[in-house]
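What the coordinates show
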Amino acid sequence: APPARKKMNANNRFMNYTIANIRVSLPDACTGEHFTRALRPFLTLGAGPADLALEIVPRIPAEADYRELDIFEFPDADADCRFGRDAEGYLLTMTPRDASAAARFRKAFGAPLVTTDVTLRHNPALFRFGLWSMFNIAAVARQAAAIHSSVISLNGGAVLFLGESGTGKSTHTRLWREHIPGAELLNDDSPIIRATDSEALVHGSPWSGKTPCYRNVCQPIRAIVRLSQAPHNRIRRLRAIEAIGALLPSCPPSFAHDETLEDAVCATVSAVVAQVPVYHLECRPDAAAAELACRTIFGGESANPRP
């Protein structure tokens, strides 16, 4: 085996983490320094069965009946990705454009096992994204889903802000923190949502984009807001069918190409929408937009905006 592989196997010890009530077992040597810090708040010391267990293997063999589901770019690692399924499970292949070795992750059907051929020589971003993808396959089977959003915590509840890249999600949550007393950031990229019989919840995660906000907290969702840029500030509540359409584009996009995964995502989104209001906020990047959204969602419960 290459030196990096020998070192990884020799130093392997498995660490357990609980993310959105999903228990993940990872070889500590492969997480990298930055991602280890992101995972630390989710560390679980007690013993117990894993819902997702990662194993490093020398190679991921080709299996029968492979079917490609999606092809997309991964800019963080300057890589091209292919997502598909075969006789054994779902397969993600990430190929860097610098001609270095591809990294593969396979999630077995109906079992916690994930295998990967990632090594210490790979870009750490490939490991983080590969694990995120496999985690989400496990999550949707447990009525939970990652949603691309920036989340504010206020008065014991959470508000999720959605939108296409560049629409100002992080800017809007910054305006809340600057102008709404008590507003705090819960996650800035990929929180996990789920619905119970009585409420919809959002969990922090170790995936928070470029903002290091890794909080192992769970809060009831007070509202979800889809943002769009406009020369004015205007907010309206969406009807149920509009609300589902507002959330689905922010869920893992590759899952829309697989019937099983898509059905599970739609079920989770529908259950969340049945519990919480969803709004569309047309807005400028100013304090008035944050104050309008806060008044609409929290009413008299919110503290007075800062002058």
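Structural data are supplied above this passage.
Residues numbered from 1 in each chain as written. Predicted model: local features only at pLDDT ≥ 70, side-chain atom pairs only at ≥ 80, totals over all residues. Heavy atoms only, no water.

**Quick look at the side chain of arginine 106**
- Assignment of secondary structure puts arginine 106 in strand β7 (residues 103–108).
- Here the side chain of arginine 106 touches proline 61 through a polar contact of 3.2 Å, landing on its backbone oxygen.
- Side chain to side chain, arginine 106 and aspartate 86 meet in a polar contact 2.5 Å long.
- Those residues in contact with arginine 106 that sit more than four places away from it in its chain are Ile60, Pro61, Glu63, Asp86, Glu88, Tyr90, Leu91, Leu113, Val114, Thr115 and Met134. (Helix = DSSP H or I, 4+ residues; strand = E, 2+ residues; numbered from the N terminus. Polar contact = N/O pair within 3.5 Å; in protein donor to acceptor, adjacent residues only side chain to side chain. Contact = heavy atoms within 4.5 Å.)

**As for the pattern of salt bridges**
- Taken as a whole and judged by the stated rule, the model has 15 salt bridges.
- Between aspartate 78 and arginine 97 there is a salt bridge, with the nearest N and O atoms lying 3.2 Å from each other. Placement of the pair is aspartate 78 in the loop between β4 (67–74) and β5 (79–85) and arginine 97 in the loop between β6 (89–96) and β7, with a sequence separation of 19 residues.
- Look at arginine 97 and you get partly exposed, because its relative accessible area is 41%. (Salt bridge = Lys/Arg side-chain N within 4 Å of Asp/Glu carboxyl O. Buried < 20%, exposed > 50% of the residue type's maximum accessible area, 1.4 Å probe, protein only.)

**Examining the side chain of lysine 169**
- Here lysine 169 is to be found in helix α4 (residues 169–179).
- Apart from residues no more than four positions distant in its own chain, lysine 169 is found in contact with His148, Ser149, Ser150, Phe161, Leu162, Gly163, Glu164 and Leu227.

**Comments concerning the nonpolar core**
- Counting 69 residues, the largest nonpolar core has Phe135, Leu160, Ile221, Ile224 and Leu247 as the members making the most contacts within it.
- Here this core takes twelve residues from helix α3 (residues 124–140), the largest share from any one element.
- In this structure leucine 247 touches Ile147, Leu162, Ile224, Val269, Val273 and Val278, once residues within four positions along its chain are discounted.
- Core analysis: the next-biggest nonpolar cluster, separate from the first, contains 22 residues, Val159, Ala183, Val225 and Ile235 among them. (Core = buried A, V, L, I, M, F, W, Y, C linked by side-chain atoms within 4.5 Å.)

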